[in-house]
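Here's the letter readout for the chains.
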Amino acid sequence: MGVLGKDIFDLHRPHTHTKIQFGEKGYWVEWVPDCLPYGTTLTTILNCNIEDYCTKLDAMEQAVATGDRELVATQLNALQCGFMALPLYRLYILEPESVESDRFWNLVEAGENPDIAAEVLKNPDAFLLKYIRAKEDILYIQERYTWFLDSLLEGQPFEKKKGQRKLPLAAQITKRFLEPFVSGVSLGEDDHVDAPQVNVQYAVMQQAGREPELVEKMYFDRLLDFVYVELMRGMQKGFVPKRCANCGRWFLQHPGATFAYCDEPAPGQEDKTCREIGATASFQDKVRNNEIWKLHQRAYKKYFARTRKGTMSKSEFEAWAREAEQLRDAALAKDQKAATPEEKEQILKKLQSELNRA
């Protein structure tokens with residue numbers, strides 16, 4: 001991966017001053033070559049349990065209160081490791097020391113021992129600011145963005161059925177009266193428009209085997225600012241996090257897809273995914289509540305049993321099954337247009353006769 005033109009290369013730049021390059025279908029974080037679909041980081045945050053990180057941050061604040069440099073050094077290392085495991089930062093921060101790379105290099109160039117623990121005790125409030133903000137941002141995103149997404153998707157079909165029109169995301173925002181909430185990173189909780197704080201450049205991205213792409217390059221100091229841009233850019237292109245109807249976890253819905261279930265292992269049934277369980281449940285519900293589907297399934301089982309007994313060849317069964325699907329779908333379409341119970345009954349009788357004529 002390469003970038004043409006003027007770029008920022010600064011060893012003193014904090015690793016938390018994160019460079020993101022936004023392309024047509026996703027984005028690149030720092031120097032990592034993988035292109036991530038829009039909404040990836042937000043989805044990870046919505047599913048994130050940061051209890052362990054909060055515990056490490058509390059321990060660090062307690063160590064600072066004691067003034068014990070060795071204890072501060074121990075807790076700082078643990079906190080930095082916890083920070084590296086947080087969404088977004090886990091993608092590119094590989095060593096605890098690199099979390100404070102700007103302070104480290106400043107001390108080295110000044111000819112001083114790079115004792116970061118001593119630096120913490122000089123001004124702990126300023127030093128711990130980004131660690132505290134990371135916790136606040138994640139907790140805020142989980143609360144406010146969950147509200148926004150739940151409000152956005154409320155009342156919409158979780159999984160588009162055959163012939164059902166999918167309402168575009170912008171239209172859903174309008175229908176749910178959410179337009180006033182989309183113009184700031186707080187999604188409307190603040191009275192003012194709290195625009196994301198970013199620096200913007202443009203660059204040409206070149207990757208092996210791909211055509212060059214003009215990308216928008218932004219630098220973010222806060223996770224909250226980045227997630228807001230990621231969500232809105234993703235929604236422009238059809239990416240949106242959704243809740244799994246089975247396990248309740250968030251998963252990323254890609255443009256054009258309308259899944260109701262995630263493809264992660266289902267709770268208590270790790271040999272199956274939520275999507276597999278959902279497909280089975282949806283099918284069973286469809287058969288249970290529709291007489292046309294019931295007829296089709298009874299006929300299917302009857303003819304399939306003939307192949308098991310050897311009274312019907314596999315090729316004959318496959319030909320019947322294809323025709324039976326066409327008859328079923330035609331009957332379903334007619335049933336939707338039927339105006340009276342008598343018409344519906346005639347459709348059922350005709351389908352039963354056609355399915356069982358063999």
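Preceding this paragraph is the structure being described.
Values in this document were obtained by computation on a predicted structure and should not be read as measured data.

1. Side note on the overall build of the protein
- Scanning the protein from N- to C-terminus turns up 13 helices and 10 strands.
- Of all 358 residues assigned to the protein, the portion counted as buried reaches 41%.
- Sequence separation of at least 24 residues holds for 59% of the intrachain contacts in the protein that already meet a minimum separation of 6.
- Looking at the protein as shown, the accessible area adds up to about 20,000 Å², and 51% of this sits on carbon and sulfur atoms.

2. Looking at the pairing of strand 5 (residues 198–206)
- Sheet analysis places strand 5 next to strand 6 (residues 213–220), joined by 8 bridges and oriented antiparallel. Among the inter-strand pairings, M205 is bridged to a residue of strand 6, identified as E213.
- Adjacent in sequence and paired antiparallel, strand 5 and strand 6 are bridged by 6 residues, among which G209 carries a positive phi angle near 80°.

3. Remarks on the nonpolar core
- Residues F22, F83, Y131, Y145, L149, L152 and F226 are the most contacted members of the largest nonpolar core, which totals 64 residues.
- With 10 residues, helix 7 (residues 129–153) is the largest single contributor of residues to this core.
- The contact partners of F83, leaving out residues within four places of it in the chain, are T16, Y53, Y89, I93, V99, K130, Y131 and A134.
- The next biggest cluster of nonpolar side chains, apart from the first, holds 16 residues, and it includes I292, M312, I347 and L351.

4. Examining the pattern of salt bridges
- Summed over all chains, the structure comprises 6 salt bridges.
- In this structure, E24 and K237 form a salt bridge, with 3.7 Å as the shortest nitrogen-oxygen distance. With E24 in the loop between strand 2 (18–22) and strand 3 (26–29) and K237 in helix 9 (residues 223–237), this pair connects stretches of sequence that are 213 residues apart.
- Here K237 falls in the partly exposed class, since its relative accessible area comes to 28%.

5. Some thoughts on unusual backbone geometry
- With phi around 50°, E30 is a residue other than glycine that occupies positive phi space.
- Within the fold, E30 resides in the loop between strand 3 and strand 4 (36–37).
- The backbone phi angle of L88 is positive, close to 75°, even though this residue is not glycine.
- In this structure, L88 sits in the loop between helix 3 (69–84) and helix 4 (101–109).

6. Brief notes about helix 9
- Look at helix 9: 21 Å from first C-alpha to last across 15 residues, which is about the 21 Å you get at 1.5 Å a residue.
- In terms of burial, helix 9 is largely enclosed, as 13 of its 15 residues are buried.
- One or two residues past the end of helix 9 sits G238, with phi positive at roughly 100°.

7. Digging into the side chain of R328
- Following the sequence through the fold, R328 ends up in helix 12 (residues 314–337).
- Using a relative accessible area of 9% as the deciding quantity, one classes R328 as buried.
- In this structure R328 touches I292, W293, H296 and L351, once residues within four positions along its chain are discounted.

8. Examining the packing of aromatic side chains
- Taken as a whole, this structure holds 14 aromatic pairs when the rule is applied.
- A centroid spacing of 6.2 Å and a plane angle of 80° characterise the contact between F22 and F220, whose relative ring orientation is edge-to-face. A residue pair is termed long-range when its members are at least 10 positions apart, and F22 in strand 2 and F220 in strand 6 qualify at 198 residues. Each member of the pair, F22 as well as F220, carries the same accessibility label: buried.

9. Here's the deal with the state of the cysteines
- What the rule picks out here adds up to 0 disulfides.
- With no disulfide of its own, C247 has C244 as its nearest cysteine by sulfur position, at a separation of 3.7 Å.

10. Considering the packing of helix 3 against helix 7
- Taken N-terminus to C-terminus, the directions of helix 3 and helix 7 make an angle of 40°; their axes are 11 Å apart at the nearest point. Considered as vectors, helix 3 and helix 7 are oriented oblique to each other. Where helix 3 crosses over helix 7, the two elements pack in a sense that is left-handed. Along its contact with helix 3, which presents L76, L79, Q80 and F83, the element helix 7 presents K130, Y131 and A134.
- For the contact of helix 3 with helix 7, the residue count by class is 5 nonpolar, 1 polar and 1 charged.

Rules and cut-offs
- Residues numbered from 1 in each chain as written.
- Predicted model: local features only at pLDDT ≥ 70, side-chain atom pairs only at ≥ 80, totals over all residues.
- Heavy atoms only, no water.
- Helix = DSSP H or I, 4+ residues; strand = E, 2+ residues; numbered from the N terminus.
- Buried < 20%, exposed > 50% of the residue type's maximum accessible area, 1.4 Å probe, protein only.
- Contact = heavy atoms within 4.5 Å.
- Areas by Shrake-Rupley, 256 points an atom, 1.4 Å probe, with all protein chains shown as cover.
- Pairing = 2+ DSSP bridges.
- Core = buried A, V, L, I, M, F, W, Y, C linked by side-chain atoms within 4.5 Å.
- Salt bridge = Lys/Arg side-chain N within 4 Å of Asp/Glu carboxyl O.
- Expected span 1.5 Å × (residues − 1).
- Phe/Tyr/Trp six-rings, centres within 6.5 Å; stacked < 30°, edge-to-face > 60°.
- Disulfide = S-S within 2.5 Å.
- Axes fitted to C-alpha atoms, helices over the stretch in contact; angles between N-to-C directions.
- Parallel < 35°, antiparallel > 145°, perpendicular 65-115°, else oblique.
- Left-handed = near helix turned anticlockwise from the far one by under 90°.
- Nonpolar A, V, L, I, M, F, W, Y, C, P; charged D, E, K, R; others polar.

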